Amino acid sequence: MPNFPWPARSDVSSNEDTALAALLAGTEPPAGAAAAGLRPVADVLAALRAGPASDELAGLAAAQAEFRQRVGAPGRPKRASRRRPARLTSRLGVRAAAAAAVAAIGLGGVAAAAYAGALPASWQQFAHRTIGAPAGHRADHDTPVGPRPAGPAAHGLCTSYQHAVAHGNPKEKAVALRNLVKAAGGPGNVSAWCAAVPGNAHSPSGPHPSPHRTGPPAGHPSPHHTGPPHGHPSPPPTGPPAQHSNGRRMGS
Amino acid sequence: MRPYFWRICCAPAAGVSILGAVIGEDFAAVLTAAQRGGEAAFSRLWTDANPALLRYLRVIAPEAADDVAADTWVQVVRGLRRFRGGEAAWRAWLFTIARRRAIDASRRRLRRREEPLQDVPMALLPTTADAADQAMEHLGTRSAIRLLARLPPLQAEVILLRVVGGMDTDAVARMLGRSPAAVRVAAHRGLRRLAQILAETGVTL
């Protein structure tokens, strides 16, 4: 840019601009005629910058209240960070929480049904694999329910069975009878099986009242059966099915 | 370094803060403390900025200055935790919010007169500045605000943002959506106009 000599008017204007800029910035203006002429303006700006008046600080309490409500309180710096999740929860709405609660209750109900063995077969199997619920009908094999024919209950079971047969209504669905049938290897074998149980030899209604047990349940139960310490029933005719041990392993 | 007039007319008493005497080096720590819920830190930010906000608002929204200032702080508190920046950005943020709230209030209440104030006869000048400033203890500050209100709105606003808001030309330009040159020109014209008014009326603070 060519270096033209500035006219006097521009010098004045430039000096004045410099002085005005200094006034605005709050810095020391250069000494000179321009600054001297702006002295009243400088006083006005200084008055604008004067310290706060009491009425200008009157709103502090209200602002602090707003601050406490929105951001936090002194001495409790984590309150603000705790507020956010709360607001988030409220924003997500009660619906989500309600849905979650319903789902939890529903799942709880399903789980309860699963442990009760009351689910449809496929569901029951799924529950068995996932949460260790009884594996449906095989649960009869897996989890001993009711008196065990292999144990000391054999005598009582057989007595009860024979009594029921004598009265013509053996409750085949009864847990005890079911176990007995299972131990005997079938409904038709119960009488024979019971005949082999000590103490049932003279059963009045037993079709095979043989006192000397030679029946199919060879070796089981022991004639001198007095309650073996091994609690696992292993009925001789059927034996534990392959799925038995499998299911048990998977379930546990 | 303070301007000479500071020492003459407005040298601060001990412990009395001066507008524009900003928080400075402590600002980052004060802001962080306030964002973490420290009420003392927030109070310091408020005390530092609220008088400046009020003086600005008493010119651009004379009838609603206190309401707009309170409204501004509500907005500031809501956005406080998300704010990032230094003290210059902080001040720009505060005054930007205040300006928006003032514009909203003016539109809502239809109180802001758009005609240039210097064309209005002195007798018709709004007296709201007097009413709003009745409790103001500083006669000089009250008079200064009243004088600024006699400038064209843009000139008065630019001067206030620079002098009271402590913002530089570029920050004011960004806030007002104008070029820095336009802001500089408006400020200088306003100061010249102010000098002219002072010379004509013989007002001294």
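In this text the structure is predicted, and so the values were computed from the model without any measurement.

Brief notes about the pattern of salt bridges
Under the defined criterion, the tally for this structure stands at 13 salt bridges over all chains. Salt-bridge contacts for A:E66 lead to A:R70; the nearest nitrogen and oxygen are separated by 3.6 Å. A residue pair is termed a helical-turn pair when its members lie 3 or 4 positions apart in one helix, as A:E66 and A:R70 do in helix α4 (residues 60–70) at 4 residues. On the basis of relative accessible area, A:E66 is assigned to the buried category, the value being 16%. Given a relative accessible area of 33%, A:R70 falls into the partly exposed group. Here B:R91 makes a salt bridge to B:D48, at a shortest N to O gap of 3.1 Å. Separated by 43 residues along the polypeptide, B:R91 in helix α5 (residues 87–109) and B:D48 in helix α3 (residues 39–60) bring together distant segments of the chain. Of the two residues examined, B:R91 and B:D48, each falls in the buried class. A cluster of three or more residues bridged by salt bridges with shared partners is formed by A:E16, A:D17 and B:R192.

Topic: the packing of aromatic side chains
Per the counting criterion, the structure on display carries 8 aromatic pairs over all chains. Relative to B:F42, the ring of A:F67 lies with its centre 4.4 Å away and its plane at 5°, an arrangement referred to as stacked. Here A:F67, found in helix α4, pairs with B:F42, found in helix α3, and the two come from separate chains. Note on A:F67: relative accessible area 0%, which makes it buried. Seen from their ring centres, B:F27 and B:W90 are 6.0 Å apart, and the 55° between their planes marks the pair as tilted. Of the two residues, B:F27 sits in helix α2 (residues 27–35) while B:W90 sits in helix α5, which places them 63 residues apart along the sequence. Judged by relative accessible area, which is 3%, B:F27 ranks as buried.

Focus on the packing of α3(B) against α5(B)
Residue and element names in this part refer to chain B. At a minimum axis distance of 10 Å, the contact between α3 and α5 shows a crossing angle of 40°. With respect to α5, the axis of α3 lies oblique. As for the relative orientation of α3 and α5, their crossing is right-handed in sense. Residues L45, D48, A49, A52, L53, Y56, L57 and I60 of α3 lie in contact with α5, whose contacting residues are E87, W90, R91, L94, F95, A98, R99 and A102.

Cut-offs and rules
Here the residue numbering is sequential within each chain, running from 1 through the sequence in written order. A letter from A marks each chain and a number from 1 marks each ligand, given out in the order of writing. Where totals are concerned, whole chains, interfaces and linings use all residues; where local detail is concerned, this predicted model gives features only for residues with pLDDT of at least 70, and gives and counts side-chain atom pairs only at 80 or more. To get the side-chain values, take all heavy atoms of the structure and skip hydrogens and water. Salt bridges are counted wherever a side-chain nitrogen of Lys or Arg sits within 4 Å of a carboxyl oxygen of Asp or Glu. Secondary structure counts use DSSP, requiring at least four H or I residues in a row for a helix and at least two E residues in a row for a strand, with both numbered from the N terminus. Throughout this description, buried means an accessible area under 20% of the type-specific maximum (1.4 Å probe, protein chains only), exposed means over 50%, and partly exposed covers the range between. Two rings belonging to Phe, Tyr or Trp (six-membered ring only in the last case) form a pair when the distance between their centres is within 6.5 Å. Interplanar angles under 30 degrees mark stacking, angles over 60 mark edge-to-face geometry, and anything in between is tilted. Here, axes are lines fitted to C-alpha atoms. For helices the fit covers the stretch in contact, and angles between N-to-C directions go from 0 to 180 degrees. Working definition: roughly parallel below 35 degrees, roughly antiparallel above 145 degrees, roughly perpendicular at 65 to 115 degrees, and oblique for all remaining angles. Handedness of a helix crossing follows the sense of rotation of the near helix relative to the far helix, less than a right angle counterclockwise being left-handed and clockwise being right-handed. The contact definition used throughout considers only heavy atoms, calling two residues in contact when any of these lie within 4.5 Å.

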